[in-house]
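# Survey of secondary and tertiary structure
Here's the letter readout for the chains.
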Amino acid sequence: MVPLEFGTNVMAFNTVLPFLLKLVLMTAVTSGLAIWIAEPTMMRLLGRWLHGTALRVHSELHAAPALWRIRTAVDDQPGALGHLSGALARSGVNILSIQVYPGGEDHAVDELVVSAPEDVSCNTLAGIVHAAGGRDTRIWPTTAVAVVDPVSHALGLAVRVTLDPDELPMAAAELLHARLDPPDGDRPSSDGAAIITIPAAFAGVHVLTRPGEPFTAAERARAAHLAELAEMGALRPGAP
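First, a word on scope: everything that follows refers to the structure included in this document. (Residues numbered from 1 in each chain as written. Predicted model: local features only at pLDDT ≥ 70, side-chain atom pairs only at ≥ 80, totals over all residues. Heavy atoms only, no water.)

## Things to note about the sheet that holds strand E5 (residues 179-181)
In space, the 3 strands of this open sheet follow the order E5-E7-E6, with antiparallel pairing throughout. Two strands in the sheet have a free side with no partner beyond their single neighbour: E5 and strand E6 (194-200). Each neighbouring strand pair of the sheet contributes to a mean axis angle of 35 degrees, computed without reference to strand direction. Across the sheet, helix H9 (residues 168-176) is in contact with E5, E6 and strand E7 (204-210); its angle to E7 comes to roughly 25 degrees. Seen against the sheet, helix H10 (residues 217-235) touches E6 and E7 and runs at an angle of roughly 20 degrees to E6. (Pairing = 2+ DSSP bridges. Helix = DSSP H or I, 4+ residues; strand = E, 2+ residues; numbered from the N terminus. Axes fitted to C-alpha atoms, helices over the stretch in contact; angles between N-to-C directions. Contact = heavy atoms within 4.5 Å.)

## A short note on the nonpolar core
Counting 22 residues, the largest nonpolar core has Leu168, Leu176, Ile196, Ile198, Leu208 and Phe215 as the members making the most contacts within it. Contributing elements (two or more residues each) for this core: helix H8 (150-163), H9, E6 and H10. Tallying contributions element by element places H9 first for this core, with 6 residues. Setting aside chain neighbours within four positions, we find Ile196 in contact with Leu176, His206, Val207, Leu208, Phe215, Arg220 and Ala223. (Core = buried A, V, L, I, M, F, W, Y, C linked by side-chain atoms within 4.5 Å. Buried < 20%, exposed > 50% of the residue type's maximum accessible area, 1.4 Å probe, protein only.)

## Some thoughts on the packing of H9 against H10
Between H9 and H10, whose axes approach to 10 Å, the crossing angle comes to 155 degrees. The pairing of H9 with H10 is recorded here as roughly antiparallel in orientation. Between H9 and H10 the crossing geometry is right-handed. Residues Leu168, Ala171, Ala172, Leu175 and Leu176 of H9 form the contact with H10, whose own contacting residues are Glu219, Arg222, Ala223, Leu226, Ala227 and Ala230. Its residues assigned to classes, the contact of H9 with H10 comprises 9 nonpolar, no polar and 2 charged. (Parallel < 35°, antiparallel > 145°, perpendicular 65-115°, else oblique. Left-handed = near helix turned anticlockwise from the far one by under 90°. Nonpolar A, V, L, I, M, F, W, Y, C, P; charged D, E, K, R; others polar.)

## Concerning the packing of aromatic side chains
On inspection of all chains with the given rule, the structure shows 0 aromatic pairs. Positioned above the aromatic ring of Trp140, the side-chain terminus of Arg160 is 5.3 Å from the ring centre. (Phe/Tyr/Trp six-rings, centres within 6.5 Å; stacked < 30°, edge-to-face > 60°. Lys NZ or Arg CZ within 6 Å of the ring centre and 35° of its normal.)

## Thoughts on the pattern of salt bridges
Under the counting rule described, the total for this entry stands at 12 salt bridges. The shortest N-O distance in the salt bridge between Arg179 and Asp181 comes to 3.0 Å. On the accessibility criterion, Arg179 (30% relative accessible area) is partly exposed. Taking relative accessible area as the criterion, Asp181 reaches 7% and is therefore assigned buried. Across the pair Glu219 and Arg210 runs a salt bridge whose closest N-O atoms are separated by 2.7 Å. In this structure Glu219 comes out as buried when scored by relative accessible area, which is 12%. You can call Arg210 buried: its relative accessible area is 5%. Each of Arg69, Arg71, Glu111, Arg138, Arg160, Asp164, Glu167 and Glu174 takes part in one network of salt bridges that share partners. (Salt bridge = Lys/Arg side-chain N within 4 Å of Asp/Glu carboxyl O.)

## Notes on the pairing of strand E1 (residues 66-75)
Here is the key point about a regular strand: its side chains alternate between the two faces of the sheet. Among the 10 residues that make up E1, 8 are buried, leaving the element largely enclosed by the rest of the structure. Sheet analysis places E1 next to strand E3 (residues 107-116), joined by 10 bridges and oriented antiparallel. Bridge pairing links Ala66 to Ala116 in E3. Pairing of E1 with strand E4 (residues 135-141), which is carried by 5 bridges, proceeds in the antiparallel orientation. Paired with Arg71 across the two strands is Arg138, which belongs to E4.

Interpretation in functional terms is not warranted from these geometric data alone.
Right, here's the structure in full:
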């Protein structure tokens, strides 16, 4: 409004009208401008013009696909993972990464990071996974940064084990790109794979193996720190 009012004042003072009439004219024009600009329709129009770039960016972000982390148990048989992937694809869900962990004698645990359309909610995803044969499904929102940045990914895993100590074995396997093996009595032959054990204060010892790639001292230290965080989470007030 400043340039409009300034121009009105200049034009009014440059006229040959009496001073009182100039004052009335300036008051009327200024009031009219204020009402015109403050009117809701005009405010929306000016808002789109002044903040057009920010509004476009916000609209693009709002319409961007949501990222989710899905963990579910599926039957350990040929085609089970393909059936799950197909069900997600038919709903427009894109799988960005997938890891498979042994879950028991008759099932495996699949952990997927997926990109879903805006209209696909967490409950919708859970229904798709259940219909495709998944069970004991858990779903978390995630971010693109956690997917592509290793440090952010590690920090996210640290938060997970602090909030839920039962996440320790899965988080450690994900961090070290290793396989989570069953307890000693049920462990299959490792065929010379590197082995690391992670003590858990309230859950015994977790065993991870990685064929063809020994665990470094740094990786063992990271696993130990995750175990410490899980123990801190288990001891915090209000923890189960």
